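# Observations on the model geometry
Spelled out, the chains give:
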Amino acid sequence: MFRNQCDDSVLVKEYINGREIALEFLIKKHQQRIFSFIYSKVQDRDITEDVFQDTFIKVIKTLKKGNYNEEGKFLPWVMRIAHNLVIDHFRKNNRMPKFNNSDDFDIFSIISDNALNAEKRIIKDQILSDVRNLIEELPEEQKEVLKMRMYMDMSFNEISESTGVSINTALGRMRYALINLRKVIEKNKIILVN
């Protein structure tokens, strides 16, 4: 009845409407990609199988509760669930401690330059990617100052000269950029690690 090229949103609707087989087709359709993604993070077949199962248990619970609203974005939604469960796995095993915010919070201080094993390198790459995505959400003026300061290592005097604003304005934009980043991190419960 269902073909492999059947749209995910159709299969999701069919499953929600009681056609259990639709979920089986969804799992088969995306199994290899999701499994490979999880394995690339944990590097252990047994853990990968556990996380894969937990991912689809969460998918089923969410669909049955009627809380799924990612119309047409099933695979990215499932990948995000898998990603979060991988992080939970590392956290439970004390391999990924939670970063505690303080008043002198510096988002970049948590990324060390020590020699990293594969697991830490994957985590570091994910954090850097998440931080870059967060920065892109900032207003243009704040984003510009933050990138100049953090990625180009420019002084506030140099930023002031480059942008044509006063040092105080550059400092203010940097301050608001960090405040806004912190708000987004807290709102989305994003966990940054050592």
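Scroll up for the structure.
Only a predicted model underlies this, so the values are computations on that prediction, with no experimental measurement involved.

Basis of the calculations
- Residues numbered from 1 in each chain as written.
- Predicted model: local features only at pLDDT ≥ 70, side-chain atom pairs only at ≥ 80, totals over all residues.
- Heavy atoms only, no water.
- Salt bridge = Lys/Arg side-chain N within 4 Å of Asp/Glu carboxyl O.
- Helix = DSSP H or I, 4+ residues; strand = E, 2+ residues; numbered from the N terminus.
- Buried < 20%, exposed > 50% of the residue type's maximum accessible area, 1.4 Å probe, protein only.
- Arc of directions from axis to C-beta.
- Contact = heavy atoms within 4.5 Å.
- Phe/Tyr/Trp six-rings, centres within 6.5 Å; stacked < 30°, edge-to-face > 60°.
- Lys NZ or Arg CZ within 6 Å of the ring centre and 35° of its normal.

### A short note on the pattern of salt bridges
Overall, the coordinates contain nine salt bridges when judged by the stated rule. A salt bridge links Glu 20 to Lys 64, with the nearest nitrogen and oxygen atoms 3.5 Å apart. Placement of the pair is Glu 20 in helix H2 (residues 20-42) and Lys 64 in helix H3 (residues 45-65), with a sequence separation of 44 residues. Given a relative accessible area of 49%, Glu 20 falls into the partly exposed group. Residue Glu 140 is joined to Lys 143 by a salt bridge in which the shortest nitrogen-to-oxygen separation is 3.3 Å.

### Topic: helix H1 (residues 8-16)
Here H1 has its buried residues at Asp 8, Ser 9, Leu 11, Val 12 and Tyr 15. For H1, the angular spread of buried residues about the axis comes to 160°, placing them on one side. The inward-facing, buried residues of H1 contact H2, H3 and helix H4 (74-92). Once H1 finishes, Gly 18 follows within two positions and takes phi at roughly 100°, a positive value.

### Here's the deal with the environment of Ser 162
Along the chain, Ser 162 falls in helix H7 (residues 156-163). When the C-alpha positions of Ser 162 and Val 145 are compared, they lie 9.8 Å apart, and in sequence the two are 17 residues distant.

### Things to note about the packing of aromatic side chains
Within this structure, the stated rule accounts for five aromatic pairs. Here the aromatic rings of Phe 35 and Phe 52 are separated by 5.9 Å at their centres, their planes lie at 65°, and the arrangement is edge-to-face. Placement of the pair is Phe 35 in helix H2 and Phe 52 in helix H3, with a sequence separation of 17 residues. As far as burial versus exposure is concerned, Phe 35 and Phe 52 are alike and both buried. Both rings, one in Phe 52 and one in Phe 56, keep their centres 5.2 Å apart while their planes meet at 55°; by these two values the pair is tilted. Of the two residues, Phe 52 and Phe 56 both sit in helix H3, four residues apart, roughly one turn of that helix. Judged on exposure class, the residue Phe 52 and its partner Phe 56 are both buried. A cation over an aromatic ring shows up here: Arg 175 above the ring of Tyr 176, its NZ or CZ 5.6 Å from the ring centre.

Geometric values such as these leave the question of function open.
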